[in-house]
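# Report on the structure
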Number of protein chains: 2
Amino acid sequence: MNQTDYAQLDRDDPLAHKRDDFQLPPDIIYFDGNSLGALPKRVAEVVNKTTATQWGGDLIKSWNQHNWVSLPTSVGAKIAQLIGARADEVICCDSISVNLFKVICAAMSAVGSHDRRIILSTRDNFPTDLYMVQGVEAFLGQQRCELKLVDESELIDAIDDQTVAVLATEVNFRTGRRLDLAKLAEVAHSFNALVIADLAHSAGVMPIQLNQWQIDYAVGCTYKYLNAGPGAPAFVYVNQRHHAALKQPLQGWFGHSRPFDFNPDYQGAAGIQRMLVGTPPVISMQAVNAALDCFDGVSLEQVRAKSLQLTHAFQHGLACHDWASEFELISPPQAQHRGSQLSYAHPHAYQICQALIDRGVIADFRAPNYIRFGFAPLYNQFREIQVALEQLADIMESQSYLDPRWQQRLAVT
Amino acid sequence: MNQTDYAQLDRDDPLAHKRDDFQLPPDIIYFDGNSLGALPKRVAEVVNKTTATQWGGDLIKSWNQHNWVSLPTSVGAKIAQLIGARADEVICCDSISVNLFKVICAAMSAVGSHDRRIILSTRDNFPTDLYMVQGVEAFLGQQRCELKLVDESELIDAIDDQTVAVLATEVNFRTGRRLDLAKLAEVAHSFNALVIADLAHSAGVMPIQLNQWQIDYAVGCTYKYLNAGPGAPAFVYVNQRHHAALKQPLQGWFGHSRPFDFNPDYQGAAGIQRMLVGTPPVISMQAVNAALDCFDGVSLEQVRAKSLQLTHAFQHGLACHDWASEFELISPPQAQHRGSQLSYAHPHAYQICQALIDRGVIADFRAPNYIRFGFAPLYNQFREIQVALEQLADIMESQSYLDPRWQQRLAVT
């Protein structure tokens, strides 16, 4: 693809104007929105206003006056629109890991059978997903809960009548491979097993239809393609058919039906509210609220269409180079089978990644030897792919990645 | 006490200059720092900087460049100085409710005996503390965990060899009564039981000596007397003697010994780090970090001395009035037996509280009929007590609290 083509793609991009919603540093090409989304300008404003005007000015009265108390549900309802769920099926709270614990326990409680104890997942699922199941397993004992791990390709066939729930991430964090959640739910339900979906790498970047796909539970994060800031509160979805019997052990006062009665006995609120635990982190949640407004007037079909174009352009742009064969594409070669990222294995992945960052092209490294390029359709441009590939070509041809500066790894990679 | 006395107390106050650290609205007297602390000016600055400069400018690189990754431990170490703990015994994370779950489970695991299953607490403990135990109870079954509730006055005598742990809040949220945690730990340990202390209403307002008192576990919140903002991340303390065997079921990737190896098997980090679960909420945690700097150059003995003076001045100022007998002081009458609040029962507590708020005096209401006045020594002034009592006198003498505007209760009281 030549220079003209990239420029033409930008001119034809119906989402091009959305880049103005974001504060992006000049001279940086940011292909790491799959790890930490960029700052929406409105979020900076809202965070300041929440801090200085609401907290600073209206103090405790803000809980009513600025509807702080209903933020988890109102923000949840906005997220619901992006993942094909009903407004009352999604709530914003805690971290994705803590929410995983809740839904793993909720699924065990919903299935109820003492004959079943298997939580089925994939060996290369994001580790915290597996760790949270291992935590439940250690706590309850393996006679009540056991994590079973299989390869991603074997997942559907491994579901059986011992399965309590399948815990699957829609888009794999390493490879970007996309699982067919609808198919997974169909098979799981045929065994009376449930599905817990992790949407960390898909929410906000592809159309998700949790209701239509009949997903039972889901969790997701807001700091990647939803651009709500580092460690921003996560979300949790519970299909409405599980609301009446919903049980999870993190019974905090914000999940009580009448928290301000201060009654010593827990009585869970109706529906999704029962997933709340402690006092909501207001400043962070206002950030999520504002960040979601970047999706106003945009359909996820448009976002997905651009995402497919972006990964396609990068993949084929890289493939033209002589050194391309050094990079092993570990993402599915066909764009429709992956999320919005491309991952390549290379023996010097860490150093190449650092050399790119040094030149203002931000990608990331994942152990043991992967370099990931994440594409955020709301702000990435096609011309950035062109520049990034020029820089990468220069790094590869000059072997400048062998610079001793990049031999020592940083704490967070 | 006459006008001259209040003014003199302010002139003699060694903490008077600290008020300048806070952004307080003019014409507001804020006696609700026990619910939501006021905004420290430096927090507003740090929140803006973290959002616009760090996240917005340095993006993903900030995890290393701005030490985001070590915030839970560095902020924890700062909190440790305020609660008489070692730097490596405290970490900042999650909500107080979620942290309660971790320490309840950790205590059960540490005691280990299958003969013991009682978590002992008080009927009027803050409800979320009780709900979290009820969650463990429901999840594990009463054969492994059972919440036993007694009156506060019976707590020490109720400890026996069935007790896994005593869960006690140092300062009662309703009455302000202060428990003797050192005595509690002494008795509990004599039965080989453990102590979990909730410091929500004491951290930052009185000297706490967790190590000296031999407290096993503690949780606390940062948005009351630590002034870190609505729903700011909480903290958790684990006495160093429990570190080696520390186990808790919320095993997230940030509690892993090598999170960025992305290994599918959980291996807990050493010590207090094992209490971490998900990705830290950076913006909120930078707020905690900055808020703690308000304690620079201040000793908690000074804070406590002023707190005792404040509650004493309010109590005795109120008692001079004809209508004082309508208010039943439910806080201990002697200042040393309470935290930094005064609570009064009154049949019209809700309406009186609303009438005060309407006149710019912010107190709060707690069901069924309590009005609470919280005193924050870092920013409250003695002259504010004088004005608040003048307003209260006018409300009581005119019976303006009977205004129909205040018949309907707000969502958050």
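Bear in mind the structure is a predicted one, so any value in this text is a computation, not a measurement.

### Regarding the UniProt feature "modified residue: N6-(pyridoxal phosphate)lysine" (unreviewed entry) in chain A
Under the UniProt annotation, "modified residue: N6-(pyridoxal phosphate)lysine" (unreviewed entry) lies at A:Lys224. Contact partners of A:Lys224, with chain neighbours within four places excluded, come to A:Gly33, A:Asn34, A:Ser35, A:Gly37, A:Ala200 and A:His201.

### Thoughts on the environment of A:Lys306
All names here are of chain A. Within the element layout of this structure, Lys 306 appears in helix α10 (residues 300-319). Look at Lys 306 and you get buried, because its relative accessible area is 4%. If sequence neighbours within four positions are ignored, Lys 306 has contacts with Asp 13, Leu 15, Pro 377, Asn 380 and Phe 382.

### A word on the interface of chain B and chain A
A common way to state how big an interface is: give the accessible area lost once the parts meet. The partner chain A presents 85 residues to the 84 residues of chain B that form the contact. Across the chain B/chain A interface, buried area totals approximately 7,100 Å², and carbon plus sulfur atoms make up 69% of it. By the criterion of area lost to chain A, the three top residues of chain B are B:Trp55, B:Tyr131 and B:Phe139, representing 12% of everything that side buries. For the pair chain B and chain A, the interface holds zero salt bridges. Counting every contact that joins chain B to chain A gives 27 residue pairs in polar contact (both at pLDDT 80 or more). Of all the secondary-structure elements, those providing two or more residues to the side of chain B that touches chain A are β3 (39-40), α2 (41-58), α3 (62-65), α5 (96-111), α6 (127-140) and α9 (282-292) of chain B. If you tally residues by element for the side of chain B that touches chain A, the top one is α6(B), at eleven residues. Partitioning the side of chain B that touches chain A into residue classes produces 51 nonpolar, 24 polar and nine charged.

### Brief notes about the domain arrangement of chain A
All names here are of chain A. You can read the domains of chain A as domain 1 (3-30 + 298-406) and domain 2 (47-295). Counting each side, the surface lost to burial between domain 1 and domain 2 is near 1,900 Å², with a carbon and sulfur contribution of 58%. Sorting the residues of domain 1 by area buried against domain 2 places Leu 300, Arg 304 and Gln 341 first, and these three jointly supply 26% of that buried surface. The interface formed by domain 1 and domain 2 includes zero salt bridges. On inspection of domain 1 and its partner domain 2, the count reaches eleven residue pairs in polar contact (both at pLDDT 80 or more).

### A closer look at unusual backbone geometry
Residues and elements named next belong to chain A. For the peptide bond that leads from Ala 367 to Pro 368, omega is 0 degrees, which places it in the cis range. Considering the arrangement of structural elements, one finds Pro 368 in the loop between β14 (364-366) and β15 (370-374). Not every positive phi belongs to a glycine, and Asp 27 is a case in point at roughly 70 degrees. Positive phi is not limited to glycine here, since Gln 399 has a value of about 55 degrees. Inspection of the secondary structure puts Gln 399 in the segment after α12 (382-398).

### Regarding the sheet that holds strand β12 (residues 341-345) of chain A
Across a sheet, paired strands are connected by hydrogen bonds in the backbone, their directions being either parallel or antiparallel. All names here are of chain A. As summarised here, the arrangement of the four strands in space is β11-β12-β15-β14, forming an open sheet in which the pairing is antiparallel. Every interior strand has two partners, whereas the edge strands, β11 (328-329) and β14, have only one. Where β14 and β15 come together, three bridges link them in antiparallel fashion. If you follow Asp 364 over to β15, its bridge partner there is Arg 372. The strands touched by α10 are β11, β12 and β15; relative to β12, the strand with the most contacts, the crossing angle is about 30 degrees. Against the sheet, helix α11 (residues 349-358) contacts β14 and β15, and its axis sits at roughly 40 degrees relative to β15.

### Describing the sheet that holds strand β4 (residues 90-92) of chain B
Residues and elements named next belong to chain B. Strand order across the open sheet formed by seven strands is β4-β10-β9-β8-β7-β5-β6, with mixed pairing between neighbours. Each edge of the open sheet is held by one strand with a lone partner, namely β4 and β6 (146-150). Strand after strand, the sheet turns through a mean of 20 degrees between neighbouring axes, direction not considered. Sheet analysis places strand β7 (residues 163-169) next to strand β8 (residues 194-198), joined by five bridges and oriented parallel. Within β8, the residue paired with Val 166 across the bridge is Val 195. Those strands touched by helix α4 (residues 71-82) are β4 and β10 (235-238), and its axis lies near 125 degrees from that of β4. Contacting β5 (118-122), β7, β8, β9 (217-220) and β10, α5 crosses the sheet at an angle of about 175 degrees to β9.

### A short note on the pattern of salt bridges
All names here are of chain A. Following the criterion strictly, the structure yields 36 salt bridges over all chains and no others. A salt bridge links Glu 146 to Arg 117; its shortest N-O distance comes to 2.3 Å. With Glu 146 in strand β6 (residues 146-150) and Arg 117 in the loop between α5 (96-111) and β5 (118-122), this residue pair connects regions lying 29 residues apart in the sequence. Assessed through its relative accessible area of 27%, Arg 117 is described here as partly exposed.

The rules behind each value
Residues numbered from 1 in each chain as written. Chains lettered and ligands numbered in written order. Predicted model: local features only at pLDDT ≥ 70, side-chain atom pairs only at ≥ 80, totals over all residues. Heavy atoms only, no water. UniProt positions renumbered as here; feature names shortened; annotations may be inferred. Contact = heavy atoms within 4.5 Å. Helix = DSSP H or I, 4+ residues; strand = E, 2+ residues; numbered from the N terminus. Buried < 20%, exposed > 50% of the residue type's maximum accessible area, 1.4 Å probe, protein only. Buried area = accessible area lost by both parts, 1.4 Å probe. Salt bridge = Lys/Arg side-chain N within 4 Å of Asp/Glu carboxyl O. Polar contact = N/O pair within 3.5 Å; in protein donor to acceptor, adjacent residues only side chain to side chain. Nonpolar A, V, L, I, M, F, W, Y, C, P; charged D, E, K, R; others polar. Domains from an automatic or database assignment. Pairing = 2+ DSSP bridges. Axes fitted to C-alpha atoms, helices over the stretch in contact; angles between N-to-C directions.

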